[in-house]
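Each chain, letter by letter, is given below.
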Amino acid sequence: FDEHGTRRVAPTADAQPTGSLLCFGGSFMMGEGLAENETLPARLQSELGGSLRAINFGLHGQGPHQMLARLESGRVEAMPIPPPRVALYWAIPDHVSRAAGLRWWDKAGPLYEVQAEGHAKKVGTFADLPGHPLAQPGTTGLASVSWIQRRKMHSQPKTGPDDLARWTAIVGTARDE
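Residues numbered from 1 in each chain as written. Predicted model: local features only at pLDDT ≥ 70, side-chain atom pairs only at ≥ 80, totals over all residues. Heavy atoms only, no water.

Caption draft 1: Just the overall build of the protein chain, in detail. From N to C terminus, the protein chain includes seven helices and five strands. Beginning at the N terminus, the succession of helices and strands in the protein chain can be written as β-α-α-β-α-α-β-α-β-β-α-α. Put simply, the protein chain has 177 residues, and 41% of those count as buried. Taking as baseline every contact in the protein chain between residues at least 6 positions apart, the subset at least 24 positions apart corresponds to 76%. Surface accessibility of the protein chain: about 10200 Å² in total, with carbon and sulfur atoms responsible for 56%. (Helix = DSSP H or I, 4+ residues; strand = E, 2+ residues; numbered from the N terminus. Buried < 20%, exposed > 50% of the residue type's maximum accessible area, 1.4 Å probe, protein only. Contact = heavy atoms within 4.5 Å. Areas by Shrake-Rupley, 256 points an atom, 1.4 Å probe, with all protein chains shown as cover.)

Here it is in structure tokens:
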């Protein structure tokens, strides 16, 4: 990873990129277990002959809500990269659950709500939700690795139509951003 929190993508030799390809997603986009030159962003950059510089924002466990939060933060514009020309988001079905805050590893993730016009607006973090099943203090020590605790962690709440609407609004708002 580099100083901007992105997975490194080596520049294409002798290329003069005219823009950037922003790549978002979870572990598949990040290229978990792959060498730097084997990730999707690196391969796309290579296939494009280096005309676009690929920026790999993928990170294991992340979802579209982190993508939107990063885009809204101003950190992408502050990066010393060619102007963004294309953004690519690699979605998987679990991203609906992640965007709803239903994954134990993302208690402090950004919480978005769907607005009347269909856009998503950040309203806090998942931990701010009263009665949210994951906002409760976690178990530590040996109890955290017990069979019962592991079973409890894998039987998390299911998603519904509102969660799919939230995911759709987040992705649409990120597209507009």
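Back to the write-up after that little detour.
Caption draft 2: A look at the environment of Gly101. Mapped onto the fold, Gly101 is located in the loop between α5 (94–99) and β4 (110–114). The exposure class of Gly101 is buried, given its relative accessible area of 2%. Separated by eleven residues in sequence, Gly101 and Tyr112 have C-alpha atoms that sit 9.6 Å apart.

Caption draft 3: How the structure looks around empty space enclosed by the protein. One pass over the full model with this rule turns up one cavity of 30 Å³ or more. Empty space within the largest cavity amounts to approximately 60 Å³. Contributions of two or more residues to the lining of the largest cavity are made by β1 (19–25) and α3 (64–73). Broken down by element, the residue count for the lining of the largest cavity peaks at three residues, all from α3. (1 Å grid on protein atoms, 1.4 Å probe; cavity = no way out; pocket = protein on both sides within 12 Å on 5 of 7 lines; lining within 4 Å. Points joined across faces, edges and corners; volume = space filled by probe spheres on them.)

Caption draft 4: Spotlight on the packing of aromatic side chains. Applying the stated criterion to the full structure yields three aromatic pairs. Between Trp104 and Trp105, the ring centres sit 5.8 Å apart and the planes meet at 85°, which makes this aromatic pair edge-to-face. (Phe/Tyr/Trp six-rings, centres within 6.5 Å; stacked < 30°, edge-to-face > 60°.)

Caption draft 5: Up close: the environment of Arg175. Along the chain, the position of Arg175 falls in helix α7 (residues 161–176). Exposure remark for Arg175: the relative accessible area of 65% places this residue in the exposed category. Along the sequence, Arg175 and Tyr89 sit 86 residues apart, while their C-alpha atoms lie 9.4 Å from each other. At 3.0 Å, the side chain of Arg175 forms a polar contact with the side chain of Asp176. (Polar contact = N/O pair within 3.5 Å; in protein donor to acceptor, adjacent residues only side chain to side chain.)

Caption draft 6: How the structure looks around the side chain of His95. Mapping His95 onto the fold places it in helix α5. Separated by 2.6 Å, the side chains of His95 and Tyr89 make a polar contact.

Caption draft 7: Here's a closer look at the nonpolar core. Core analysis: the largest hydrophobic core is formed by 18 residues, its most contacted members being Leu22, Phe24 and Phe57. Elements that contribute at least two residues to this core include exactly β1, α3 and α7. Of the residues forming this core, the biggest block, four residues, is contributed by α3. Excluding residues within four positions of it along the chain, Leu22 makes contact with Ile55, Phe57, Val76, Ile81, Pro84, Val86, Ala87 and Leu88. Ranked by size, the runner-up nonpolar core spans seven residues in total, among them Val9, Leu21, Met29 and Ala54. (Core = buried A, V, L, I, M, F, W, Y, C linked by side-chain atoms within 4.5 Å.)

Caption draft 8: Local environment of helix α2 (residues 40–47). Looking only at α2, the buried set comprises Pro41, Ala42 and Gln45. Buried residues along α2 cover an arc of 100° about the axis, so they all sit on one side. What points out from α2, more than 90 degrees from its buried face, is the exposed set Arg43 and Glu47. Buried residues in α2 make contact with β1, α1 (27–30) and β2 (52–56). Positive backbone phi, at 65°, marks Gly49, one or two positions downstream of α2. (Arc of directions from axis to C-beta.)

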